[in-house]
Amino acid sequence: MDKAYDHKKHEREIYKKWEGSGAFKPGKEGKQFTVLMPPPNANASLHAGHAMYTIDDIVVRWKRMQGFSTVWIPGTDHAGFETQYVYEKELAKQGKSRMDFDRKTLYENIYKFVKDNSGLIYKQFKQLGFSADWERSVFTLDEKVLNRVWKTFMQMEKEGKVYRDEYIVNYCTHCGTSLAELEVVHEERTDPLYYIKYGPFELATVRPETKFGDTGVAVHPKDKRYTKFVGQEIEVEGLLGKFKVRVIADEMVDPDFGTGVVKVTPAHDPNDFEMGKRHGLSVKQVIGIDGRLNELTGRFQGLKVAEAKKQVVEELQKAGLMIEIDENYKHSVALCYKCRRVLEPMVMPNWFIRVDELKKPVIKVVENEEVKFFPKRFKKQMLQWLKIMHDWPISRQIAWGVKIPVWYEIEPENDNIYVWWLDKNSQLQQGVASEILKRGTPLSEIEEGLQRVKAKTGEAAPKYKVALDKPGENYLPETDTFDTWFSSGQWPLVTLSEEEYAARLPTDFMGTLEDILKFWISRMIMFSLYLQKVIPYRDVYLWSMVADAKGVKMSKSKGNVVNPIELVDKFGADALRMAMIFGVAPGSKIPLSDEKVKGMRNFANKIWNMGRFIELMFEAYGKEVEFYKEELFRPRLALEDMEIIKKLTKTVDVVNRGLEKYRFADAAEAIYEFLWHQLADVYIEKVKKREDKEVALSVVRHVYLTALKLLHPFMPFVTEAVWSEIKDLRKYPDQMLITSRWPV
RNA sequence: GGGCACUUAGCUCAGCUGGUUAGAGCGCACGAUUCACAUUCGUGAAGUCGGGGGUUCAAAUCCCUCAGUGCCCACCA
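Residues numbered from 1 in each chain as written. Chains lettered and ligands numbered in written order. Predicted model: local features only at pLDDT ≥ 70, side-chain atom pairs only at ≥ 80, totals over all residues. Heavy atoms only, no water.

A. Geometry of the sheet that holds strand 23 (residues 475-477). One open sheet holds the 3 strands; their spatial order is 22-18-23, and the pairing between them is antiparallel. Each of the sheet's edge strands pairs with one partner strand only, and the pair in question is strand 22 (464-466) and strand 23. Averaged over all neighbouring strand pairs, the angle between strand axes comes to 30°, with direction disregarded. As paired elements, strand 18 (residues 406-409) and strand 23 share 3 bridges and run antiparallel to each other. Bridge pairing in strand 23 places tyrosine 408 opposite leucine 476. (Pairing = 2+ DSSP bridges. Helix = DSSP H or I, 4+ residues; strand = E, 2+ residues; numbered from the N terminus. Axes fitted to C-alpha atoms, helices over the stretch in contact; angles between N-to-C directions.)

B. Quick look at unusual backbone geometry. Note that the residue after phenylalanine 374, namely proline 375, is joined by a cis bond; omega there is -10°. Here proline 375 shows up in the loop between strand 15 (372-374) and helix 10 (377-388). A cis geometry characterises the amide bond from leucine 505 onward to proline 506, with omega recorded as -5°. If you check the backbone angles, tyrosine 662 has positive phi at about 60° while not being a glycine. Position of tyrosine 662 relative to the elements: it lies in the loop between helix 20 (639-660) and helix 21 (664-689). Look at tyrosine 662 and you get buried, because its relative accessible area is 8%. (Buried < 20%, exposed > 50% of the residue type's maximum accessible area, 1.4 Å probe, protein only.)

C. Representation of the pairing of strand 14 (residues 344-353) in the model. Of all 10 residues that make up strand 14, 10 are buried, and the element is covered over most of its length. Neither face of strand 14 is open: one carries Glu344, Met346, Met348, Asn350 and Phe352, the other Pro345, Val347, Pro349, Trp351 and Ile353, and all of them are buried. Strand direction decides the pairing type here: strand 5 (residues 162-172) and strand 14, joined by 10 bridges, are antiparallel. The partner of valine 162 across the bridge, within strand 14, is isoleucine 353. Bridge count between strand 14 and strand 16 (residues 392-393): 2 bridges; the pairing is antiparallel.

D. Expanded view of the pattern of salt bridges. This structure, assessed with the given rule, holds 34 salt bridges. Lysine 387 is the salt-bridge partner of glutamate 367, the closest N and O atoms lying 3.5 Å from each other. Of the two residues, glutamate 367 sits in helix 9 (residues 356-367) while lysine 387 sits in helix 10, which places them 20 residues apart along the sequence. Classification of glutamate 367 as partly exposed rests on a relative accessible area of 41%. With a relative accessible area of 49%, lysine 387 lands in the partly exposed category. Residues joined by salt bridges that share partners form a network here, namely Glu640, Asp641, Arg690 and Asp692. (Salt bridge = Lys/Arg side-chain N within 4 Å of Asp/Glu carboxyl O.)

E. Representation of the packing of aromatic side chains within the structure. Per the stated rule, a full pass over the model turns up 45 aromatic pairs. With a centroid separation of 5.1 Å and an interplanar angle of 45°, the aromatic rings of tyrosine 107 and tryptophan 400 are classed as tilted. Note that tyrosine 107 is positioned in helix 4 (residues 103-117) and tryptophan 400 in the loop between strand 17 (395-396) and strand 18, a separation of 293 residues in sequence. Look at phenylalanine 201 and phenylalanine 229: their rings are 4.8 Å apart centre to centre, the planes differ by 75°, and that puts the pair in the edge-to-face class. Linking phenylalanine 201 in strand 8 (residues 201-205) with phenylalanine 229 in the loop between strand 9 (216-219) and strand 10 (233-238), this pair joins segments that are 28 residues apart in sequence. Residue class for phenylalanine 201 comes out buried when judged on its relative accessible area of 3%. By the ring-pair criterion, three or more aromatic residues cluster together here, those being Phe153, Trp351, Trp392, Tyr408, Tyr464, Phe482, Phe486 and Phe527. Directly above the aromatic system of tryptophan 420 lies the positively charged group of arginine 452, at a separation of 5.7 Å from the ring centroid. (Phe/Tyr/Trp six-rings, centres within 6.5 Å; stacked < 30°, edge-to-face > 60°. Lys NZ or Arg CZ within 6 Å of the ring centre and 35° of its normal.)

Here it is in structure tokens:
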């Protein structure tokens, strides 16, 4: 054996051996144990967060050694919005944008992009030693997933759980899609608050540029100052001349804010939208999906929102309508979580799922702990969120995703379908579908270059059919795609085959990052209960962010991002894995530093050298030892022999209990302490002085081999490496550690 | 504004349902070492357990309160 453990010399080879032996496949015997891998983005490369999948691997290896028929099913996610965003950045480098492509081409290009960039993450997972059954890998755009997702949608549509509605959504004019509330990030900003003259009132607003879309003005019902105006139509002087709005009284207005008067712009503010709905105000859209003011804004048409605001403010001042400007107004603004631009609340048609009924059983299984959360506090977080969860907007206006299987019927006399498409010369065109057809453009041309279809909702909505294929001549497809979580939410049902449901559902363990608790965990429980009347898994273990040595969250802007693969190169996979676990409480941040990983590399080396020492001792004294394979010299054991055996038994116990409770650090620390400070520092030092070497060696061999098993789930490579180096000292020299029996 | 955590050695953190000298990893100081390992070994310094109050024979551990930090949610015209 070499003097020091060189991970580079062993890791690759050992992994090949495992994989080639079929060790990652479920055994034919034993109870089923199933773990699903949270699918990383298909085109992603490994980041520190992924390294935490180590926890899943520990559980899987542990159960496999315990004799369960264990399988860890991996997969990748198409990650709709995330991926399209990355792709568009690539496009921008070539001076192009998504607007240069029809939808079909854009999808195909992204598909190719993803294919070209996928595979890397699995390679990296393998470098970390993950023992998943790679041949079972599922991609969320695989045929079987698509079929399942469409089937689900059709069932929900049939049962009235799906509806279309005009709804105010957060729209990112840069990314070209609406976002669910969950995807919105809020940021505290200081912006000017404008006090303007507004008919008989004065009022405060941060968005004077939306004034063109005002259809009402609101006061608090109990605000005596304004009671006499309620219900009246008032005339307001505006930049485009005078206009009339109705005064409404609504509880939502805070009489203490500003002057206690609010202008109501239902098309461009979520609260105003709600208020408008309550009082029957009309919705007047003045900002388009391109982020520019539209034809209803006169000379301001075509200006981007920020520029429009500037000009409107100037003109209000000139017109004497501006009273004062508070420059230090603090409020939070909604930002796109991806591009960090300010979102534009916008009214547009969306597909929704009614969650009231669907979430009830979810709340039940969380409350009575059929699904258990580790650490426990996430149960509360989950319940809190489930209770306020409202209808889920599942449509996204991006090309990269699972298409919504719906077709709209174009009626000759109806203007309820609006389309954007690239014509024969690749020029972007838009207009009302029925009118375009009347003007002689064939439907086939629109379909060919189709970018987007926007169909009205409510009474004006066109008839539609739910179908995968075009149901008739005069139809245009829905161009929206499903929210990524709509497909990944069905993960347990698509990774397992239907024949396996009975045996492997619920699955046993789900370890994932806490920040997708609401996006993903909740939806999986919901879909599994709705579609199969079964919970998707019994135990959910949430891990937290991987942070730097100081406990600060890693981020590119702070420059403290650690690349796990570099650490693996430097110190070995075992060292990184152990560093992720050691000294980390469940649910807390995981501080990662070179020093820590280095320390664990030293531990790996210690393990190696203990093996080396034992081998050398057996070479020197082995001939005299009746060491019939892993047996102890029971009748001649010394007191210190009994002691170390007792300590081993205790360690087995602590490791088991730690793993059972998902207290991985407890388990890891116990085995670390035992191997290094009990076995190496104390017992082995005594062995050197023993006269009855044959007895001591039988003990050291037994204890060491057993301890290697305990350590294997945490540090699989080095343990497997020494295990194989000292094969002649073992009873079954050909047996691999990965499939050996867990000590009891 | 509502909720959930956290505040213990220089740093990052363990200390479960209260009970003998409060622990680990890293770091630090001093020393050792041809005999498995310098990716080593030994010895050691270092904490009034965020502040205040309470319960108890006994509190880092339970309760109240104050302060700070982090996270989740809601909302901000």
